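Given next are the chains, with one letter for each unit.
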Amino acid sequence: MVVILDYGMGNSGSILNMIRKSGVSAKISVDPDDIKSATGFVLPGVGAFDNGMNKINSLEITSLLEQRVFEEKLPFLGVCLGMQLLLNKSEEGIVKGLGWIDGEVKKFDFSDLNTRKKLKIPHMGWNLVHPTSYDTLFQGLEDEARFYYVHSYHAVCYDQENVLGTCEYGYEFASAVQNENIFGVQFHPEKSHIFGLTLFKNFLKLL
């Protein structure tokens, strides 16, 4: 059973439907008993970095999650804000992130771009992902990996080996990250139709 971590900031219902379409049982929960029996985790997220981390910290489940993810190596997927919370910190706030992937979250800055067209923030709409590997999340998406985005901040990984995919919006940024069994995507696979369903199926193969 996949546990979609319910901390009040994400499209949990849409993710639940996608996972069930993939033929895998899932549950929206933060109950420690469910976390102990899970075979994998999804951390959704929409909203501000500090608010998200404060809500997670208030649940007092981080130690249990780290045991299951780092010691037992269960697959973990962060989505949008859920991906950003995997990093060390964010320009959006002052609260420390989970620090499961070494890096930080920065706001889009187009001040140095030599372009006549002013790009809007947030970055919103469909855009291509350029995977660095097709072995895991992007298997079967070699011809096209197109996903839906809504975000004003993006990940900067300190180690390029943690970058699983990039996207272009004014400049190249990390749109998918990985640290062993821990994955994160900046886009919304639950809103990305067949592309998102393929990504979820690939993640679920890792269970």
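This section reports on the structure supplied with the text.

Turning our eyes to something else, we now look at helix 1 (residues 12-21). Structural remark: α-helix, 3.6 residues per turn; residues separated by three or four positions point the same way. Among the residues of helix 1, those classed as buried are S12, I15, L16, M18 and I19. For helix 1, the angular spread of buried residues about the axis comes to 165°, placing them on one side.

At a closest axis distance of 9 Å, the pairing of helix 1 and helix 6 (residues 193-204) adopts a crossing angle of 70°. The angle between helix 1 and helix 6 places the two elements in the roughly perpendicular class. The interaxial crossing formed by helix 1 with helix 6 has right-handed handedness. Contacts between helix 1 and helix 6 pair I15, M18, I19 and K21 from the former with H193, G196, L197, F200 and L204 from the latter.

Our next topic: empty space enclosed by the protein. If you roll a probe as big as a water molecule over the atoms, it shows you where there is empty space left. The tally for this structure, following the rule as stated, stands at one cavity of 30 Å³ or more. Approximately 60 Å³ is the volume found for the largest cavity. As for the largest cavity, its lining consists of L5, L43, I56, I61, T62, L65, F76, L98 and W100. Across the lining of the largest cavity, the residue classes break down as eight nonpolar, one polar and no charged.

Moving on, we come to unusual backbone geometry. The omega torsion across I121 and P122 is 10°, close enough to zero to call that bond cis. Within the chain, H193 stands out as a residue other than glycine whose phi angle is a positive 55°. Checked against the element boundaries, H193 lands in helix 6. Since its relative accessible area comes to 55%, H193 is described here as exposed.

Quick look at the layout of surface pockets now. Empty space within the largest pocket amounts to approximately 200 Å³. Along the walls of the largest pocket sit 15 residues, with G47, C80, V150, H151 and S152 positioned nearest its centre. Elements with a minimum of two residues in the lining of the largest pocket: helix 5 (81-84) and strand 9 (146-151). Of the residues in the lining of the largest pocket, the class split is six nonpolar, seven polar and two charged.

A few words now on the side chain of S175. Structurally, S175 can be placed in strand 12 (residues 171-179). What makes S175 buried here is its relative accessible area of 0%. Filtering out sequence-adjacent residues up to four positions away, S175 remains in contact with M83, V129, Y149, G165, T166, C167, G184, V185, Q186 and F187.

Rules behind the numbers
- Residues numbered from 1 in each chain as written.
- Predicted model: local features only at pLDDT ≥ 70, side-chain atom pairs only at ≥ 80, totals over all residues.
- Heavy atoms only, no water.
- Buried < 20%, exposed > 50% of the residue type's maximum accessible area, 1.4 Å probe, protein only.
- Helix = DSSP H or I, 4+ residues; strand = E, 2+ residues; numbered from the N terminus.
- Arc of directions from axis to C-beta.
- Axes fitted to C-alpha atoms, helices over the stretch in contact; angles between N-to-C directions.
- Parallel < 35°, antiparallel > 145°, perpendicular 65-115°, else oblique.
- Left-handed = near helix turned anticlockwise from the far one by under 90°.
- Contact = heavy atoms within 4.5 Å.
- 1 Å grid on protein atoms, 1.4 Å probe; cavity = no way out; pocket = protein on both sides within 12 Å on 5 of 7 lines; lining within 4 Å.
- Points joined across faces, edges and corners; volume = space filled by probe spheres on them.
- Nonpolar A, V, L, I, M, F, W, Y, C, P; charged D, E, K, R; others polar.

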